[in-house]
Amino acid sequence: MILLNPGPVNLSERVRAALAGPDLCHREPEFADLQGRVIEALTAVYELPQNDWRAVLVSGSGTAAVEAMIASLVPREAHLVTLENGVYGERLTTIARAHGIAVTPLTTGWDSAIDESALADILKAQTGPTWVAAIHHETTTGRLNDLAAIGEICRHYHAPLLVDGVSSFGAERLAFSDWNIAACAATANKCLHGAPGMAFVIVREKLLASSAGRSVYLDLGGHARAQAAASTAFTPAIPALYALDAALAELEEEGGWQARHEHYHLLAEKLRGGLADLNISPWLAEENSSVVLRSYNLPSGFTYEQLHDQLKQRGFVIYAGQAGLVHELFRLSTMGAIEVADIERLLSAFAEILH
Ligand SMILES: *Cc1c(COP(=O)(O)O)cnc(C)c1O
């Protein structure tokens, strides 16, 4: 089955085999070696200097890393502005509220870019320390938010920027320093091609010294201190860590995030061209879209369920629109171990169903 949903992804044989690694106690040196290697490889993906940046592992899904980042790093006395143009942006607000953080959501429609001048206005009027949280790739629609512009505004008003890079880390450009990023949360099982169960936050080392102390399990500083001492705070998802170790080695050997970006771009464009021949048009303009996932208008005469079920019979899992968008669009993600030949077979399946 080829998975065109945005994670969990199709695994390579090497990553799948790694999942069945030896039984291991997390208090033994073999575990410390594995964990240390993964932490180093994660900061190396975007060539971040090890003395300024730290990758902190959190066993859990991507949301666990996003929640750990927000709950641990936003100081008690600070205000958080959340940028919403999809489900995941809205989740930032939900997380902040759950932890009692004073939050101002800046909402635009799911079909719109973040309103940068409104963000500047909010930050200009701030009366105390203000942080900003943003989604890089809003998986709801496939939009790549303009973090360069958002980061520039944050820098101007001295607002640290927290990034949900869950569906972009490993395949899209992330300029940590240029974009004024304070921390970025991501996961093993999207663009890094690992298995579900392991997530992480890449954070500026100096921010780890103080923690807002809002959570026990999701305390980033606690995880970081334990991991710096070659240990772990809690029982880690060891099979997922084996898989992530293999996936990061594979990414590096294939040419890093840039090569993965190129590969996704090739697949996404092949798909767009082939679907255009079948009169299926993109829901979002190409210049606003990621290479990771694209949303398409549902072909006329088909409900999402009909399209999904007929493609599944042919070996492909597609992904629905969220909330009201289920009647309007469907989504195709090309993350995971997917090749050009798979896309060609997918296009043939579409042609068969539509004719
Ligand atoms: C998938 C996704 C998440 C949530 O990840 P889970 O692993 O399902 O918790 C968060 N943010 C974005 C942008 C995502 O695409």
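For the structure itself, look to the data block above.
The structure displayed is predicted, hence computed values, not measured ones.

So, about the sheet that holds strand β2 (residues 53-59). Spatially, the 7 strands line up as an open sheet ordered β2-β10-β9-β8-β5-β3-β4, and their pairing is mixed. The open sheet terminates on both sides in strands that have one partner only, identified here as β2 and β4 (102-107). The sheet shows a mean angle of 20° between the axes of neighbouring strands, taken without regard to direction. Here 5 bridges tie strand β9 (residues 181-187) to strand β10 (residues 198-204), and the two strands are oriented antiparallel to one another. In the sheet register, Ala186 faces β10, and the bridge partner there is Phe200. Across the face of the sheet, helix α3 (residues 62-73) comes into contact with β2, β3 (79-84), β5 (130-135), β8 (161-164), β9 and β10 while running at roughly 155° to β9.

If you trace the 3 strands from one edge of the open sheet to the other, you get β11-β14-β13, paired in antiparallel fashion. A strand with exactly one partner marks an edge of an open sheet, and here the two such strands are β11 (293-297) and β13 (319-320). Bridging between β13 and strand β14 (residues 329-333) involves 2 bridges; their strand directions are antiparallel. Counted as the bridge partner of Ala320 is Phe330 from β14. Strands β11 and β14 of the sheet are contacted by helix α9 (residues 256-277), whose axis makes an angle of about 10° with β11.

A separate point is the environment of Pro160. With respect to the helices, strands and loops of the structure, Pro160 is situated in the loop between α6 (147-156) and β8. For the pair Pro160 and Leu329, spaced 169 residues apart in sequence, the C-alpha to C-alpha distance is 35 Å. In contact with Pro160, other than residues within four places in its own chain, are Thr130, Trp131, Val132 and Ala182.

Quick look at the pairing of β5 now. Of all 6 residues that make up β5, 6 are buried, and the element is covered over most of its length. Of the two faces of β5, the one lined by Thr130, Val132 and Ala134 and the one lined by Trp131, Ala133 and Ile135 are each fully buried. Pairing between β5 and β8: 4 bridges, direction parallel. Among the inter-strand pairings, Ala133 is bridged to a residue of β8, identified as Leu162.

A separate point is the site of the ligand. Close contacts around the ligand come from Ser61, Gly62, Thr63, Tyr88, Arg91, Ile135, His137, Thr139, Asp164, Val166, Ser167 and Lys190, and that covers them all. Here an oxygen atom of the ligand sits 2.5 Å away from a polar atom, N or O, in the side chain of Ser61. Between the ligand and the protein, one listed contact pairs an oxygen atom with a side-chain N or O atom of Ser167 at 3.4 Å. Where the shell around the ligand is concerned, the elements lending two or more residues are α3 and α4 (87-98). By residue class, the composition of the shell around the ligand is 3 nonpolar, 6 polar and 3 charged.

So, on to the pattern of salt bridges. Across all of its chains, the model carries 12 salt bridges by this definition. Across the salt bridge formed by Glu269 and Arg294, the nearest N and O atoms sit 3.0 Å from each other. Of the two residues, Glu269 is situated in helix α9 and Arg294 in strand β11; the sequence distance between them amounts to 25 residues. A relative accessible area of 21% means that Glu269 is categorised as partly exposed. Residue Arg294 is classed as buried on the basis of its relative accessible area of 7%.

Take Thr140: it is sitting in the loop between β6 (137-138) and β7 (143-144). Among the polar contacts listed, one links the side chain of Thr140 to the backbone nitrogen of Val87, at a separation of 2.8 Å. A polar contact of 2.6 Å, which involves the side chain of Thr140, links it to the side chain of Glu138. Here Thr140 is in contact with Gly86, Val87, Tyr88, Trp110, Gln322, Leu325 and Arg331, once residues within four sequence places are set aside.

Rules behind the numbers
- Residues numbered from 1 in each chain as written.
- Predicted model: local features only at pLDDT ≥ 70, side-chain atom pairs only at ≥ 80, totals over all residues.
- Heavy atoms only, no water.
- Pairing = 2+ DSSP bridges.
- Helix = DSSP H or I, 4+ residues; strand = E, 2+ residues; numbered from the N terminus.
- Axes fitted to C-alpha atoms, helices over the stretch in contact; angles between N-to-C directions.
- Contact = heavy atoms within 4.5 Å.
- Buried < 20%, exposed > 50% of the residue type's maximum accessible area, 1.4 Å probe, protein only.
- Near = heavy atom within 4 Å.
- Polar contact = N/O pair within 3.5 Å; in protein donor to acceptor, adjacent residues only side chain to side chain.
- Nonpolar A, V, L, I, M, F, W, Y, C, P; charged D, E, K, R; others polar.
- Salt bridge = Lys/Arg side-chain N within 4 Å of Asp/Glu carboxyl O.

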